[in-house]
Structure formats: structure tokens, C-alpha cells
Amino acid sequence: MTLTNEIHKQIEENHNVLLFNTDIYSFYSEYKLNQKWIFISSPSKGKRAIEIILNTIEPDYKIKNESVAKLLDEIAVVSKNDKVVIFVDNFEHINKRTAEYYDNLINMRNVILIVNINDEEIDLDMQILENFIILNQDLNFNRNSSVNIRFTILFILSVFIFLLFMRLQLSVVGYLISSLWFSYLMYRSFYYISR
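What comes next concerns the included structure.

**Details of the packing of helix 3 (residues 47-57) against helix 5 (residues 96-106)**
Then step 1. Relative orientation of the contacting elements helix 3 and helix 5 amounts to 30 degrees, with a least axis distance of 10 Å. Compared by their axis directions, helix 3 and helix 5 come out roughly parallel. Regarding helix 3 and helix 5, the two cross each other, and that crossing is left-handed. Facing Lys47, Ala49, Ile50 and Ile53 of helix 3, the residues of helix 5 in contact are Tyr101, Tyr102 and Leu105.
Then step 2. Taken together, the residues that form the contact of helix 3 with helix 5 break down as 6 nonpolar, no polar and 1 charged.

This is the structure:
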């Protein structure tokens, strides 16, 4: 079965598809079946990409400086009865903010994403990638490479500060409570800074 047939099959089964180094624009332009197929060249367009999707699905809809949440809600309402296929090229350029937008699109019932990754250095959230079926197996990435150790480092740093503060203030029990409180505040401060 060719890649083109496999993509058609996955679209019919309402599955999101992840491709690697594939020219999805030529597939989009050659096989565009109806007005509900949309091409986005880069996910980093953010709100503008969501506006393009909504304008393509519902050309009569007037966008008046609305929030992304409102636009996504409108896409969900409009796509309730029709299948919408969104092609996104250069998906490796997704960032934390736009990842939320595409995560919402993934969770919509009649919205299907066909995404392409062109870069071998992939720094994507693995939770988003679990929603896709990988068609061409050229994509090799280590799912263990994205382990988040920030909380462990922050905890160890807080314990170190606690022990240091305890060593200095061990003479009075009241200082024990102060040192715990200070360690908690330092943990929260480090957490805020690291975000």
C-alpha cells in the first residue's frame, strides 16, 4: 500500500497522522476533496493559523479580535457535522503556546490533523505525539529523552538549603519552623523562575 493510500485510509478512519520528511503540500493540492481541507505551512503562526482554519471552514464568519478559545469553540461547532482535515507542515516548530491550540484541535471529534516533521532534531511534547499514527517509520526519536527532571532538581536544591539553614540555626527549635518555611518559599521561588 502506498503512502498516499495509507493517508486516505487514516483520514477515513478519523486518525491523526504524523509523517517525516514528506511533501504534504503536494498531497494536499492534488487530492483536495472539498472545502474542508486546510493547509498550514507552520504551526508557529499561532492565532493566525486558527483564524485561517475558521475562515476556510466558515467563509462567512466575521472574526472581530476574538480570543483563541472562542475561535476554537467556533471551530468545534462548525465542524460538528463535517470532517475537517488540517495539514500542518514543519510541525517541529510548535511551541508551548501553540501546542495547546493543536491539542484542542486533536481532541475535536471531526478534526483530523496530518502533520509533517522535516527536522531530525525533534523537541516535541511526547504527550501530543501519542495522538498520532506514524506512517513512515523514518521517524526515530527517543521517547525517554524528554524526561522532566526539573522538580527533582528543585527538591534537591530545597533540601540542601534546608540543611544549610538548619546547620546555621540549630540552636533554637523556633528556627526549625522558620527554616522549613524558608525552604518552602525557596522551592516556590525556584519553581516560578524555572517556568
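**A look at helix 4 (residues 68-78)**
Note: α-helices contain 3.6 residues per turn, so residues at a spacing of three or four share the same orientation.
Then step 1. Residues of helix 4 that are buried include every one of Val68, Leu71, Leu72, Glu74, Ile75 and Val78, and no others. On an axial view of helix 4, the arc spanned by its buried residues comes to 160 degrees, and they lie on one face. Opposite the packed face of helix 4, turned more than 90 degrees from it, sit the exposed residues Asp73 and Val77.
Then step 2. Buried residues in helix 4 make contact with helix 3 and helix 5.

**Description of the packing of helix 3 against helix 4**
Then step 1. Viewed as axis vectors pointing N to C, helix 3 and helix 4 meet at an angle of 30 degrees, and their least axial separation amounts to 10 Å. It follows that helix 3 is roughly parallel to helix 4 by the angle criterion. The two elements helix 3 and helix 4 cross, and the hand of that crossing is left-handed. On the side of helix 3, the interface is formed by Lys47, Ile50, Glu51, Ile53, Leu54 and Ile57, while helix 4 contributes Val68, Leu71, Leu72, Glu74, Ile75 and Val78.
Then step 2. Counted by class, the contact of helix 3 with helix 4 contains 9 nonpolar, no polar and 3 charged residues.

**Let's talk about the nonpolar core**
Then step 1. The biggest cluster of nonpolar side chains holds 33 residues, and the ones touching the most others in it are Ile86 and Leu105.
Then step 2. Breaking this core down by element, the ones donating at least two residues are strand 1 (16-20), strand 2 (37-40), helix 3, helix 4, strand 3 (84-88), helix 5, strand 4 (111-117) and helix 6 (126-129).
Then step 3. Excluding residues that lie within four positions of it along the chain, Leu105 makes contacts with Ile50, Ile53, Leu72, Ile75, Ile86, Val111 and Leu113.
Then step 4. In terms of nonpolar packing, the next biggest core, distinct from the first, is built from 13 residues, Ile11, Leu19, Ile112 and Leu135 among them.

**Quick word on the sheet that holds strand 3**
One key point about sheets: their strands pair by backbone hydrogen bonds, in either a parallel or an antiparallel sense.
Then step 1. Taken together, the 5 strands give an open sheet; going across it, the order is 2-3-4-1-5, and neighbouring strands pair in parallel fashion. The open sheet terminates on both sides in strands that have one partner only, identified here as strand 2 and strand 5 (132-134). Pairwise comparison of adjacent strand axes, ignoring direction, gives a mean angle of 20 degrees for this sheet.
Then step 2. With 4 bridges joining them, strand 1 and strand 4 adopt parallel strand pairing.

About the cut-offs
Residues numbered from 1 in each chain as written. Predicted model: local features only at pLDDT ≥ 70, side-chain atom pairs only at ≥ 80, totals over all residues. Heavy atoms only, no water. Axes fitted to C-alpha atoms, helices over the stretch in contact; angles between N-to-C directions. Helix = DSSP H or I, 4+ residues; strand = E, 2+ residues; numbered from the N terminus. Parallel < 35°, antiparallel > 145°, perpendicular 65-115°, else oblique. Left-handed = near helix turned anticlockwise from the far one by under 90°. Contact = heavy atoms within 4.5 Å. Nonpolar A, V, L, I, M, F, W, Y, C, P; charged D, E, K, R; others polar. Buried < 20%, exposed > 50% of the residue type's maximum accessible area, 1.4 Å probe, protein only. Arc of directions from axis to C-beta. Core = buried A, V, L, I, M, F, W, Y, C linked by side-chain atoms within 4.5 Å. Pairing = 2+ DSSP bridges.

These values are about where atoms sit, not about what they do.
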